[in-house]
Every structure is written in structure tokens, then in C-alpha cells.
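Residue strings, one per chain:
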Amino acid sequence: MKKIALVTGGGSGIGRACAETLGANGYHVVVTGRRMETLEDAVATIGADSASAMVCDVSDAAAVDAVFAKIEAEHGRLDVLFNNAGNNVPAAPIGDVPVDDFIKVINVNLVGAFICARAAFNLMRKQSPQGGRIINNGSISASLPRPGSAPYTSSKHAITGLTRTISLDGRPYNIACGQIDIGNAASEMTERMRTGVPQADLSIKIEPVMDVKHVADSVLHMANLPLEANVQFMTVMATTMPFVGRG
């Protein structure tokens, strides 16, 4: 029997790469996102026997509840949640960041992650056999921010706290929680790295990127561990990007 995985933001970028890799390695993957056309394309690539799609705004609690109700009705359980959906806004010094931009990022990156993790937790602790795994998509920015990234960095720093508390709350129910912090995986969000991005010394430099496949392989490794073992935090990054010694 295939294990059941849910990948939020699974229609493109990191989420899609991880959904495809999970689907090719014995999982039935439920992909969610805001655009059905990208989700359907992902399902077609993975194969209808190994994937299904639902439109969902992760910041909408009722929409998330509907996704989990369908997963429970159709599959009876959830083994892995990759809590991946996220967004960002243009970089700017904090004084120039519109309050609405800050709220927009927090609502998806943090509130949405909380809503999905909460729903996964509730299903995992009542299903039989009990338990499962939640993998949160953090960021290198959670610990070492870039200039002008107050909304995004704040959201990802909070994800680290969320990961740690879910890890503790999950212990009585055989629910493991870990976090993957990703640096410069090639995607739409990192396309600007190829033309130059602001550095801590105020210079603009081109940064190396890595194939998103390495992120997908890392998520698969985390997902495949028995529940008695957990990768609490993993950093996977372009080897020569400015992270170690950033600033």
C-alpha cells in the first residue's frame, strides 16, 4: 500500500519537484495550490495513479479543512505533510515595506503553515496506526537574513519555532516534525540570483544556484525515515553561495 503525502504549493518550483520525486518513490501525492492548471499538469507528470490535486489557499482554514477531510475520506490517513507553500514580496528596507505586504507574507508563510500543520497533526493523532511526519520548508534566511527581507525572514524565523514546538507536541502521538532550510535552489524565486542580488556589504553580486532535484532528494530522505528517527533540521544549499560567513 502506498503511503500518502500532501505537498502544499505543489504545482511549481520546489513543491512540484518534491511531489514528483515522492510520487516516483512509492507515495500517492496530494498536491495543493492556487491554480488548478499547474496542479493538473503536475498530476499528469506524476501519473494519476500516484497523484491527485485540490485547489487550496493555505491561509484559508476552511479550505485547508476541506483538503484534509477529502484525504481522510479517500485514503484514510496521511503519512507525510511537506508544508511548502510560501510567497514573498519585493525586497525593501523595513521603513519602506507596506504593512499589507508584511501581512501578505505572514498569512501564507506562517499562518498557512500553522493551519496545515494543525490539520495534519489532528489527522495523524487520530488515525490508525497513529502517527506521521510533518516537514516544514524553512529557509537559510531563518537564521541569516538578506538585506530588505523583514517580512520573509520574520516568517521563516517563526517557522523554526513552529517546527520545534510541533516536535514536542507530537511525541505522545508518534508524530515527527523536521525542517529543511534551502539555499539558492533554482526556481522562479531565485531567478534574480543569476543577475545579482544585494549583499550585506551593500554590493550587488551574482550568486550560484543548485538543481532543485537536490532539495527533492533531501525531502524524500526525510520522509522515508522510520518514525523512530527524525532529521530535526537540514540545510541543503548551493555549495559556494554566501551563507557560511554571510555578512
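Everything numeric here is computed off the predicted structure, so don't read it as measured data. (Residues numbered from 1 in each chain as written. Predicted model: local features only at pLDDT ≥ 70, side-chain atom pairs only at ≥ 80, totals over all residues. Heavy atoms only, no water.)

J.: Give me unusual backbone geometry: which residues, what numbers.
T.: Put simply, Ser 128 and Pro 129 share a cis peptide bond, and its omega is 0 degrees. Of note in the backbone geometry, Asn 174 takes a positive phi value of approximately 60 degrees without being a glycine. Along the chain, Asn 174 falls in the loop between helix H5 (150-170) and strand E6 (175-183). Overall, the relative accessible area of 38% leaves Asn 174 in the partly exposed class. Residues other than glycine seldom take positive phi values, yet Asn 184 does so here, at roughly 65 degrees. Its location among the elements puts Asn 184 in the loop between E6 and strand E7 (197-198). (Helix = DSSP H or I, 4+ residues; strand = E, 2+ residues; numbered from the N terminus. Buried < 20%, exposed > 50% of the residue type's maximum accessible area, 1.4 Å probe, protein only.)

J.: An account of helix H6 (residues 213-224) is requested, with residue identities and associated values reported.
T.: In a regular helix each residue adds 1.5 Å, so 12 residues correspond to 16 Å; H6 covers 16 Å between its end C-alpha atoms and thus fits that length. Val 215, Ala 216, Ser 218, Val 219, Leu 220, Met 222 and Ala 223 are the residues of H6 that are buried. Elements that come into contact with the buried residues of H6 comprise helix H1 (13-23), strand E2 (27-33), strand E4 (80-83), strand E5 (132-137), E6 and strand E9 (233-237). (Expected span 1.5 Å × (residues − 1). Contact = heavy atoms within 4.5 Å.)

J.: Tell me about the pattern of salt bridges, and please be specific about residues and values.
T.: As a working rule, side chains carrying opposite charge can pair if their charged atoms are close by. By the definition in use, this model includes 8 salt bridges. A salt bridge links Asp 41 to Arg 16; the shortest N-O distance between them is 2.7 Å. One end of the pair, Asp 41, is in helix H2 (residues 36-46); the other, Arg 16, is in helix H1, with 25 residues separating them in the sequence. Classification of Arg 16 by relative accessible area gives buried; the value is 16%. (Salt bridge = Lys/Arg side-chain N within 4 Å of Asp/Glu carboxyl O.)

J.: I'd love a proper account of the nonpolar core, names of residues and values included.
T.: By size, the foremost hydrophobic cluster in this structure holds 36 residues, and its most contacted members are Ile 180 and Val 215. Secondary-structure elements contributing two or more residues to this core are strand E1 (3-8), H1, E2, H2, E4, E6, H6 and E9. If one sorts the elements of this core by residue count, H6 sits on top with 6 residues. Residues Met 54, Val 108, Ile 159 and Ile 175 belong to the second largest nonpolar core, which totals 29 residues. (Core = buried A, V, L, I, M, F, W, Y, C linked by side-chain atoms within 4.5 Å.)

J.: Outline the pairing of strand E3 (residues 51-55), listing residues and values.
T.: Sheet topology note: the E2/E3 ladder contains 5 bridges and is parallel. Within E3, the position partnered with Val 29 by the bridge is Ala 51. Crossover handedness for the path E2 to H2 to E3: right-handed. (Pairing = 2+ DSSP bridges. Right-handed = clockwise from strand over helix to strand, strands pointing away.)

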